[in-house]
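Coordinates in review
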Amino acid sequence: MKIAVIGAGFVGATTAQRLVERNLGEVVLYDIVEGLPQGKALDMMESAPIWGFESRVLGTNDPKDLSGAEMVVIASGMARQPGMSRDDLLERNAGIVASVADLVHEHAHQAMVIVVTNPVDALTHLVAAKVGTPKDRIFGMGGILDSARFRHFIATEMGVAQADVDAMVLGGHGDDMVPLPRFATVNGVSIETLLSADQIQKLVARTRDGGAEIVRYLKKGSAYYAPAAAIAQMVESVVRDQKRLLPCSVWCSGQYGITGQFVGLPVILGRSGVEKIVELPLSAAELKELQGSSAHVAAKVAKLQIAA
Ligand SMILES: NC(=O)C1=CN([C@@H]2O[C@H](COP(=O)(O)OP(=O)(O)OC[C@H]3O[C@@H](n4cnc5c(N)ncnc54)[C@H](O)[C@@H]3O)[C@@H](O)[C@H]2O)C=CC1
Ligand SMILES: O=C([O-])CC(=O)C(=O)O
């Protein structure tokens, strides 16, 4: 499968690396900065004999190279700086993503699209509107990353294997995301029986702050190793038709009482894209939080004044 990654910055380039190292397809890494995607692609290809992968990555500044891509990952745009929220990126990144959406529409309008640029839920809405991608073939990345952070924090707090921890974070990928401790387990055992309410609340708060915590350390940008792993997991579920159950920002048409917008929900991802939105039996309080987070996304979308 030909997979285009748009934006050869920290997230885009690390994603390209993860995709080729897992032999998930032929990757085209596109950026507007001359030489940047070419240099990073050549560097990655020079690791192929050592690391032993056969997939190739082509770096380019020519939008024509996007032609024929079956999947497009959009990771172009500004990353936040300390003190900023993801929402503060809305106007700047909407302009960048809108111009990228025009390129995708022109060169790869049949492609399945994964949006990463923040604020991701609102910008997924923008791309869907501009490219005209069917709603089950476009989704945003946020929930897998937030869930991975929650899982990591639980594993670290308990001193157990990372692989034994499962957890789910729903809602918009922002400060009011909705971690669900009631659905978090260590090898099938609810964390509510293993940790105190106070410990769980601290893990939830650290998860909500997870992106900002990295920004405070890096000072000049945001996370990219875990984000790239999350994107690669989405791509792999589609390319290998794995039908993984993963939280992704998807178009809601009544699920969880939410209609006409993108927000993070559990979905089954397979070869045809979003094959099913899974409806969990949320408590009234969890549902209220999810709907509140989705109302926040809707307010951002309203600011973008996207033509219907
Ligand atoms: N959804 C999520 O969970 C996550 C989202 N992000 C977001 O991903 C985005 C990228 O982050 P980084 O890679 O760290 O930033 P970066 O600054 O390292 O890279 C951004 C790249 O986009 C390129 N670019 C700008 N305009 C472009 C255009 N019109 N066409 C093609 N390329 C263009 C830039 O030249 C740059 O190379 C940010 O908006 C960040 O907030 C980052 C991590 C997680
Ligand atoms: O925090 C940011 O701005 C980047 C991001 O979305 C994350 O790492 O969760």
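Residues numbered from 1 in each chain as written. Chains lettered and ligands numbered in written order. Predicted model: local features only at pLDDT ≥ 70, side-chain atom pairs only at ≥ 80, totals over all residues.

1. Description of the UniProt feature "domain: Lactate/malate dehydrogenase N-terminal" (unreviewed entry) in the chain
Mapped onto this numbering, the UniProt entry gives "domain: Lactate/malate dehydrogenase N-terminal" (unreviewed entry) at residues 1-140. Each end of residues 1-140 is marked by a C-alpha atom, and these two atoms are 20 Å apart; helix forms 41% of the span and strand 18%. (UniProt positions renumbered as here; feature names shortened; annotations may be inferred. Helix = DSSP H or I, 4+ residues; strand = E, 2+ residues; numbered from the N terminus.)

2. As for helix α2 (residues 36-45)
Taken as a whole, α2 has its buried residues at Pro37, Lys40, Ala41 and Met44. When α2 is viewed along its axis, its buried side chains cluster within an angular range of 100° and face the same direction. Those residues of α2 hidden inside the fold are in contact with α1 (10-21), β2 (26-30) and β3 (57-60). (Buried ≥ 20, exposed ≤ 12 C-beta atoms within 10 Å, placed from the backbone. Arc of directions from axis to C-beta. Contact = placed C-beta atoms within 7 Å.)

3. A closer look at the site of ligand 1
Gly7, Gly9, Val11, Ser76 and Asn118 are the nearest of the 35 residues found near ligand 1. Of all the elements in the fold, those that place two or more residues in the shell around ligand 1 are α1 and α4 (90-108). Examining the composition of the shell around ligand 1, we find that four residues originate from one element, α4, more than from any other. Split into classes, the residues belonging to the shell around ligand 1 amount to 20 nonpolar, 13 polar and two charged. (Near = placed C-beta within 6 Å. Nonpolar A, V, L, I, M, F, W, Y, C, P; charged D, E, K, R; others polar.)

4. Notes on the UniProt feature "binding site: substrate" (unreviewed entry) in the chain
If you check UniProt for "binding site: substrate" (unreviewed entry), the listed places come out as Arg80, Arg86, Asn118 and Arg149 in our numbering. For Arg80, the position within the fold is in the loop between β4 (71-74) and α4. With 19 C-beta atoms packed within 10 Å, Arg80 lands in the partly exposed category. Here Asn118 is to be found in the loop between β5 (112-115) and α5 (120-131).

5. Focus: unusual backbone geometry
Cis geometry marks the peptide bond from Asn118 to Pro119, where omega comes out at 0°. Phi at Asn187 takes a positive value of approximately 45°, unusual for a residue other than glycine. Tracing the chain through its elements places Asn187 in the loop between β10 (185-186) and β11 (189-190). The class of Asn187 is exposed, set by 10 C-beta atoms lying within 10 Å. Positive phi is not limited to glycine here, since Asp241 has a value of about 50°.

6. Regarding the site of ligand 2
Contacts to ligand 2 come from 13 residues, most closely from Arg80, Arg86, Gly211, Ser222 and Ala223. When residues in the shell around ligand 2 are grouped by element, the largest group, four residues, is from helix α8 (residues 210-218). For the shell around ligand 2, the per-class residue count stands at seven nonpolar, four polar and two charged. Two domains each donate at least three residues to the shell around ligand 2, and these are domain 1 (2-140) and domain 2 (143-304). (Domains from an automatic or database assignment.)

7. Focus on the domain arrangement of the chain
Note on interface size: it is often stated as the accessible area lost on association of the parts. Considered domain by domain, the chain is made up of domain 1 (2-140) and domain 2 (143-304). Placing a centre on the C-alpha atoms of domain 1 and another on those of domain 2 gives a separation of 22 Å. Taken together, the contact between domain 1 and domain 2 spans 36 residues of the former and 36 residues of the latter. Going through the elements one at a time, α1, β4, α4, β5, α5 and β6 (138-140) are the ones with two or more residues in the side of domain 1 that touches domain 2. Of the residues assigned to the side of domain 1 that touches domain 2, the class counts are 19 nonpolar, eight polar and nine charged.

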